[in-house]
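# Commentary on secondary and tertiary structure
Each chain is listed here by its residues.
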Amino acid sequence: MTTEETSCEPAELTADQLKEEMLKAYPSKTAKKRAKQMIVNDPDAIPEIGANSRTVPGLITQRGCTYAGCRGVVIGPIHDILHITHGPIGCGYYSWLTRRNMVKAVNEGDTNYLQYAMSTDMMEEQIVFGGEKKLKQAIQEAYDIFKPKAISIYATCPVGLIGDDVHTVAREMKELLGINVFAFSCEGYRGVSQSAGHHIANNGVFKHIVGLDDTPQTHPYTINVLGEYNIGGDAWEIDTLLRKCGIHVVSTLSGDVNYEQIKNAHTAHINTIMCHRSINYMAEMMEKKYGIPWIKVNFIGADQSAKSLRKIGAFFESKELKDRIEEVIAQEMAALKPIRDRVTARCKGKKAALFVGGSRAHHYQDLFKDIGMEVISAGYEFAHRDDYEGRSVLPSIKVDADSRNIEELTVEEDPQRFRSDFVEKKKRLEAEGFSFSDYHGMMTEMKKNTLVIDDISHHEIEKLIKLWKPDIIGSGIKDKFVIEKMGIPCKQLHSYDYGGPYSVFTGAANFYEEVDRMLHTKVWSFVVPPWQKEAAGAERPYYAPRKEKREKENTAWKKTAEIPEEV
Ligand code: CFM
């Protein structure tokens, strides 16, 4: 029995109709708010989308908290500083190795503290009488055991509520121990999502680490890769590719990076940005203070990787480098071609939907496009309007109370270290049509009448699956099993489960093959989605016992209610 035979809905709804279907279940106030976050796309006249606003309580969201964005995402992957979570044990425990930001020790004496989860393990006593004393003890204890170069402290929700001053503790311990100690007010509730934590982390890394080591670069082509976190080894693939081309990466923020590399990051020729959402603040601040320009790149997808390499080549204006880049692209594309062709023949025309974080829902569309697949719907969990509509909308974004809560650093030109020669070069290249500081966002690259959904809820995903029937969904661990129980394969695009890398040409090969396997395995045909069971008149098995119990209780209640009359 197919859905078409049993469902009362038409087989193919338009994006507007699908949106209406999703909104039907909500109370009118919620429907009004959600409607602004669900946009039928038009790449030629990008419509405004509601983004970076609070999730309506009761809706099941995939978002994380501010602490997750700061400690878990942006600064946590720096592997040779000690990360101490000041708070109850759960926050520390759940941010321990779950993101697969991989690291390997290369040189003698390299340190990797990421296997450790360090927390002050706050108890009732600290909640009532304050936790600063315990925090100091924890820092001292960690220092005595590990003798690290730097210690970073993260405030969790209760710390903000009771008012522990983590920054003063950090300053005192810095003086006492003679190493760099700094703290982040990244309480989970501080913003509407982890996005606030990215901004707080950028501020802290910029203030406390970048610029501490002025050793100049001797290599002619040096870059930083910002917003690349080495999930499943992605940064390693990017680094290998750039090395082949003859480009030197000074630091990657923050995939497999050490403290020394970040101290020296301000000496690179250019910042290249992978994940715009999590790190655009750093690029902007480095440009203001040191004069380093930035460009947006994307090393996810073969065609996009080639485009990004060429853009870096164009920036350096060296014929030798450009030729080398073309050689590498030709080699990589040739190696990839047989796999790409084979998978394209099997997957062409299949439909994908992606709901991921703040950048991957955009970048991973390119991998699906590489193999002829179509993206019918996509959305971020916590990105801002500029990540959807492009940075040109920045001046028109209203700053609400939640955003005002996050500190905006005042950054000025560094009189000694500002590179006016870089600024001159930027001006000259811009006049020739080279575009800097630019991100066009997700919607410009999506087709007309696709449905763009910000902070999608589980209810909306269920409707999408039922009514638009994507062949695969790219999403995260929180919704993966809901999707798979409906008979649709879910590609986990955050930590990749056990897979990856997926970046550049080598990673693209992994991705194509995995998507092919996921789409063509027979396992999905054994799963009967709930609506087909409902339509066939059958109960959902996990509802049946509950219904029986409810009916029993109802009967019992009726009987009790009748008793007084009988007596
Ligand atoms: Fe940037 Fe990221 Fe992402 Fe992100 Fe994240 Fe992530 Fe993500 Mo999960 S930094 S916004 S906060 S690309 S952890 S490595 S996969 S939600 S799309």
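Read on for a plain summary of the structure. (Residues numbered from 1 in each chain as written. Predicted model: local features only at pLDDT ≥ 70, side-chain atom pairs only at ≥ 80, totals over all residues. Heavy atoms only, no water.)

### Quick word on the packing of aromatic side chains
Counted according to the given criterion, the structure contains 18 aromatic pairs. Each ring, one from Phe 434 and one from Phe 436, has its centre 4.8 Å from the other, and the planes form 45°; the classification is tilted. Judged by its relative accessible area of 13%, Phe 434 is buried. When its relative accessible area of 5% is taken as the criterion, Phe 436 is described as buried. Among the aromatic residues, those joined into a cluster by ring pairs are Tyr 221, Phe 315, Phe 316, Phe 434 and Phe 436. The residue whose ring lies beneath Lys 104 is Trp 236, and the NZ or CZ to ring-centre distance is 4.1 Å. Over the ring of Phe 434 we find Lys 311; its NZ or CZ atom is 5.6 Å from the centre of that ring. (Phe/Tyr/Trp six-rings, centres within 6.5 Å; stacked < 30°, edge-to-face > 60°. Buried < 20%, exposed > 50% of the residue type's maximum accessible area, 1.4 Å probe, protein only. Lys NZ or Arg CZ within 6 Å of the ring centre and 35° of its normal.)

### Comments concerning the sheet that holds strand 6 (residues 222-228)
Judged by pairing direction, the sheet is parallel, and its four strands sit side by side in the order 7-6-8-9 without closing on themselves. In this open sheet, the two edge strands, each paired with only one partner strand, are strand 7 (248-254) and strand 9 (294-296). Direction aside, neighbouring strands of the sheet carry axes that sit 25° apart on average. Here four bridges tie strand 6 to strand 8 (residues 270-273), and the two strands are oriented parallel to one another. From the neighbouring strand, Ile 223 faces strand 8, where its bridge partner is Ile 270. (Pairing = 2+ DSSP bridges. Helix = DSSP H or I, 4+ residues; strand = E, 2+ residues; numbered from the N terminus. Axes fitted to C-alpha atoms, helices over the stretch in contact; angles between N-to-C directions.)

### Remarks on a nonpolar patch on the surface
A cluster of nonpolar side chains, namely Ile 127, Val 128, Phe 129, Leu 161, Ile 162 and Tyr 189, defines an oily patch on the protein surface of about 640 Å² accessible area. Secondary structure elements with two or more residues in the nonpolar patch: helix 6 (124-129) and helix 8 (157-162). Among the structural elements, Tyr 189 can be located in the loop between strand 5 (180-184) and helix 10 (194-208). Residue Tyr 189 is classed as partly exposed on the basis of its relative accessible area, which comes to 40%. (Patch = residues over 30% accessible without salt bridge, like charges linked within 9 Å, V, L, I, M, F, W, Y side chains within 5 Å. Areas by Shrake-Rupley, 256 points an atom, 1.4 Å probe, with all protein chains shown as cover. Salt bridge = Lys/Arg side-chain N within 4 Å of Asp/Glu carboxyl O.)

### Regarding the packing of helix 14 (residues 302-316) against helix 15 (residues 319-347)
Packing of helix 14 against helix 15 leaves a shortest axis separation of 10 Å and a crossing angle of 175°. On the basis of their axis angle, the class for helix 14 and helix 15 is roughly antiparallel. Taken together, the residues of helix 15 that come into contact with helix 14 (itself represented by Ala 302, Asp 303, Ala 306, Leu 309, Arg 310, Gly 313, Ala 314 and Phe 316) are Leu 321, Lys 322, Ile 325, Glu 326, Ile 329, Met 333, Leu 336 and Arg 340. (Parallel < 35°, antiparallel > 145°, perpendicular 65-115°, else oblique. Contact = heavy atoms within 4.5 Å.)

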